[in-house]
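These are the residues of each chain, in order.
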Amino acid sequence: MSPSTITRVALSSYVPAGNAKLSDFAVEQVPAPTKDQLKEGQVIVKPLYFSVDPYQRGRLSGATDSYVASYVKGQPITNFLVGAIAESSSKDFKQGDLVLASNGSWETEYITDASAISKAPVQQRVDPKDYVGVLSMPSFTAYVGAAVLAKPKAGETILVSSASGAVGQMVVQLAKARGLRVVGVAGSDEKVEYVKSLGADAAFNYKTCGDFTKAIRGAAPEGIDIYFDNVGGEFLDAALANINTHARIIICGAISQYNASSPDELYGVKNLTKVLVKKATIQGFIITDYYSTPHFGEFTKEVSSLYHEGKIKYRLSETQGLENGPQAILDLFAGKNFGKSIIKA
Ligand SMILES: NC(=O)c1ccc[n+]([C@@H]2O[C@H](COP(=O)([O-])OP(=O)(O)OC[C@H]3O[C@@H](n4cnc5c(N)ncnc54)[C@H](OP(=O)(O)O)[C@@H]3O)[C@@H](O)[C@H]2O)c1
């Protein structure tokens, strides 16, 4: 039986620049949806786990010119989630089905058109949280960036920033599986130890290493063939200072820049001439462009089997309760997540 009220997390004010605050979100108790409210083709989803991702920062902004729509003031936050069907008026879903949504609502139960969800692919030994964990969007992002776009060759050196995070921990392991020398960078000694435990050949704490350029040179004296960039800014500049001829720089994210309070606060990269003299390539990408390519099937096959064979690890950073969702978003930008950030409903 449905509880009479549910929790929902809505946007209460747009955050065009600077750091978001808890007061920019509204955590509300609202009446639970009921079966008699369902129209033909609709279902009630009861989320089990919500994904928390840095790109959500951009969706708080109210901007209209981004690759992904802003959240709307007064409306629930949305993101990837895995849940179960609580009630159904759709011929395609029945009560109890495990479902995935890429834009599911931050509510402990919500009504949606069946066209906005899909059945979780049946795989043995997959825990529901794996769909927002090891098999989730950031893992696929790591695959496309590190295994496809970076054109890795065994023996090359890859540098990856935010290496203990959702994308980074998968980059480290996919690169090792391809015979690369891996240098990981993270924001605490504990995270650095974790990155080493994943097989990284060298790793360091960027908060205590001093000069970034020298620290990279110390960890990769042979130079960098691939830089998998999750952070942008000054660290990207230092990586450029260390690239080899024909290096590939994969721009996956720029988290150090997302909370700039004005354009003046954005870091101006100085080492772009290195791209010229080293005949390097810089490529940005957005993962949603790749779900309809064969790479999604390749990723699922490779990562599921490596995971089931115990050959890769995937650390989760689990927040309890949707009411703590706003804090989980803010924590990403303070480095408080250790592993892929998810919320247990
Ligand atoms: N292109 C795409 O389609 C795509 C898809 C998914 C993710 N991304 C991007 O990939 C990057 C990683 O995402 P994720 O989901 O894997 O997040 P994550 O690494 O699990 O979590 C964010 C981490 O970023 C680090 N960080 C926060 N503020 C920072 C700062 N000012 N400077 C340097 N590092 C900072 C923190 O780790 P430390 O403690 O190590 O500092 C924090 O734990 C993000 O930039 C994200 O936007 C892009």
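Rules of the game
- Numbering of residues begins from 1 in every chain and follows the order in which that chain's sequence is written.
- In keeping with the predicted nature of the model, local features appear solely for residues at pLDDT of at least 70, side-chain atom pairs appear and are counted solely at 80 or more, and the whole-chain, interface and lining totals rest on all residues.
- The side-chain numbers reported here are obtained from all heavy atoms of the structure, hydrogens and water having been left aside.
- Elements are defined by DSSP. Helices are runs of H or I of four residues or more, strands are runs of E of two residues or more, and each kind is numbered from the N terminus.
- Note on contacts: a residue pair is in contact if any heavy atoms of the two residues lie within 4.5 Å.
- All domain edges in this entry derive from an automatic or database-based domain assignment.
- Two parts placed together each lose some accessible area under a 1.4 Å probe, and the buried area is that loss summed for both.
- When a carboxyl oxygen of Asp or Glu lies within 4 Å of a side-chain nitrogen of Lys or Arg, that pair is called a salt bridge.
- Polar contacts, as counted here, are pairs of nitrogen or oxygen atoms within 3.5 Å of one another; within protein the pair requires one atom able to donate a hydrogen and one able to accept it, and residues that are adjacent in sequence qualify only if both atoms are side-chain atoms.
- Amino acids are sorted into nonpolar (Ala, Val, Leu, Ile, Met, Phe, Trp, Tyr, Cys and Pro), charged (Asp, Glu, Lys and Arg) and polar (every other residue, Gly among them).
- Per-residue accessibility, obtained with a 1.4 Å probe over protein chains only, is compared with the maximum for each type, and a residue is labelled buried under 20%, exposed over 50%, and partly exposed between these values.
- For two strands to count as paired, DSSP must find a minimum of two bridges between them.
- Helix axes are fitted to C-alpha atoms over the stretch in contact, other axes to C-alpha atoms as well, and angles between N-to-C directions run from 0 to 180 degrees.
- Being near a molecule or strand, for a residue, means having at least one of its heavy atoms within 4 Å of it.
- Residue-level accessible areas treat just the shown protein chains as cover; the underlying method is Shrake-Rupley with a 1.4 Å probe.
- Nonpolar core, defined: a set of buried Ala, Val, Leu, Ile, Met, Phe, Trp, Tyr and Cys residues in which side-chain atoms within 4.5 Å join the residues together.
- Read the arc as the range of directions from the helix axis to the C-beta atoms.

Looking now at the environment of Phe 80. Examined against the element boundaries, Phe 80 turns out to sit in strand S4 (residues 78-88). In sequence terms Phe 80 and Val 52 are 28 residues apart; their C-alpha atoms lie 8.0 Å from each other. The contact partners of Phe 80, leaving out residues within four places of it in the chain, are Phe 50, Ser 51, Asp 53, Tyr 55, Ala 101, Ser 102, Val 132 and Met 137.

All right, on to the domain arrangement of the protein chain then. Domains assigned within the protein chain are domain 1 (5-133 + 316-344) and domain 2 (137-288). A separation of 29 Å is found between the C-alpha centroids of domain 1 and domain 2. Domain 1 puts 16 residues into the contact, and the matching count from domain 2 is 15 residues. Overall, the association of domain 1 and domain 2 removes approximately 1,400 Å² of surface from exposure, summing both partners, and the carbon and sulfur fraction of that is 65%. Summed over the shared surface of domain 1 and domain 2, the result is zero salt bridges. Summed over the shared surface of domain 1 and domain 2, the result is six residue pairs in polar contact (both at pLDDT 80 or more). Split by residue class, the side of domain 1 that touches domain 2 holds seven nonpolar, six polar and three charged.

Turning next to the environment of Val 134. Its location among the elements puts Val 134 in the loop between strand S7 (118-119) and helix H2 (137-149). Look at Val 134 and you get buried, because its relative accessible area is 2%. For the pair Val 134 and Tyr 314, spaced 180 residues apart in sequence, the C-alpha separation works out to 5.8 Å. Among residues more than four places away in sequence, those in contact with Val 134 are Ser 139, Met 170, Phe 299, Val 303, Tyr 307, Ile 312 and Tyr 314.

The buried fraction of helix H9 (residues 325-332) amounts to seven of the eight residues, a majority that puts the element mostly inside the structure. Buried within H9 are the following residues: Gly 325, Pro 326, Ala 328, Ile 329, Leu 330, Asp 331 and Leu 332. Those residues of H9 that are buried lie in contact with strand S1 (5-11), strand S2 (25-31), helix H1 (56-59), strand S14 (316-320) and strand S15 (340-344).

Next up on the list: the environment of Ala 120. Take Ala 120: it is sitting in the loop between S7 and H2. Distance from Ala 120 to Gly 83, taken between C-alpha atoms, is 9.2 Å for residues 37 residues apart in sequence.

Time to look at the sheet that holds strand S12 (residues 243-251). Reading across from one edge, S10-S9-S8-S11-S12-S13 is the order of the six strands in this open sheet, with parallel pairing throughout. Two strands close off the open sheet at either side, each with one partner strand: strand S10 (202-205) and strand S13 (281-284). On average, adjacent strands in this sheet sit at an angle of 15° to one another, irrespective of strand direction. Sheet topology note: the strand S8 (residues 157-160)/strand S11 (residues 224-229) ladder contains three bridges and is parallel. Directly across from Leu 159, in S11, lies its bridge partner Tyr 227. Each of S8, strand S9 (181-186), S10 and S11 touches helix H5 (residues 212-219); the most contacted strand, S10, lies at about 160° to it.

Right, let's talk about the site of the ligand for a bit. Near the ligand, the surroundings consist of 27 residues, among which Val 167, Lys 191, Tyr 206, Tyr 258 and Asn 337 are the closest. One of the backbone N or O atoms of Ala 166 is found 2.8 Å from an oxygen atom in the ligand. Lys 191 is positioned with one of its side-chain polar atoms (N or O) 2.6 Å from an oxygen atom of the ligand. Expressed as a share of its isolated accessible area of 910 Å², the protein-covered part of the ligand is 90%. Listing elements by their share of the shell around the ligand, those giving two or more residues are H2 and helix H3 (166-177). A domain-level breakdown of the shell around the ligand finds at least three residues from each of domain 1 (5-133 + 316-344) and domain 2 (137-288).

Turning to the nonpolar core, a few remarks are in order. Val 144, Ile 158, Met 170, Val 171, Val 172, Phe 228 and Val 303 are the most contacted members of the largest nonpolar core, which totals 51 residues. Sorting the residues of this core by element identifies S4, H2, S8, H3, S9, helix H4 (189-197), S11 and helix H8 (294-308) as the ones contributing at least two each. The leading source of residues in this core is H2, at eight residues. Look past the residues within four positions of Val 172 in its chain and what remains in contact with it is Val 160, Ala 163, Val 182, Val 195, Leu 198 and Ala 200. Counting residues in hydrophobic clusters, the runner-up holds 27 residues, among them Val 45, Val 52, Ile 85 and Ala 101.

An α-helical turn contains 3.6 residues, so a residue and the one three or four places further along point in the same direction. Those residues of H4 that fall on the buried side of the exposure criterion are Lys 191, Val 192, Tyr 194 and Val 195. On an axial view of H4, the arc spanned by its buried residues comes to 160°, and they lie on one face. Away from its buried face by more than 90 degrees, H4 exposes Asp 189 and Glu 190. In this structure, the buried residues of H4 make contact with H3, S9 and S10. Of the residues trailing H4, Gly 199 is marked for its positive phi of about 115°.

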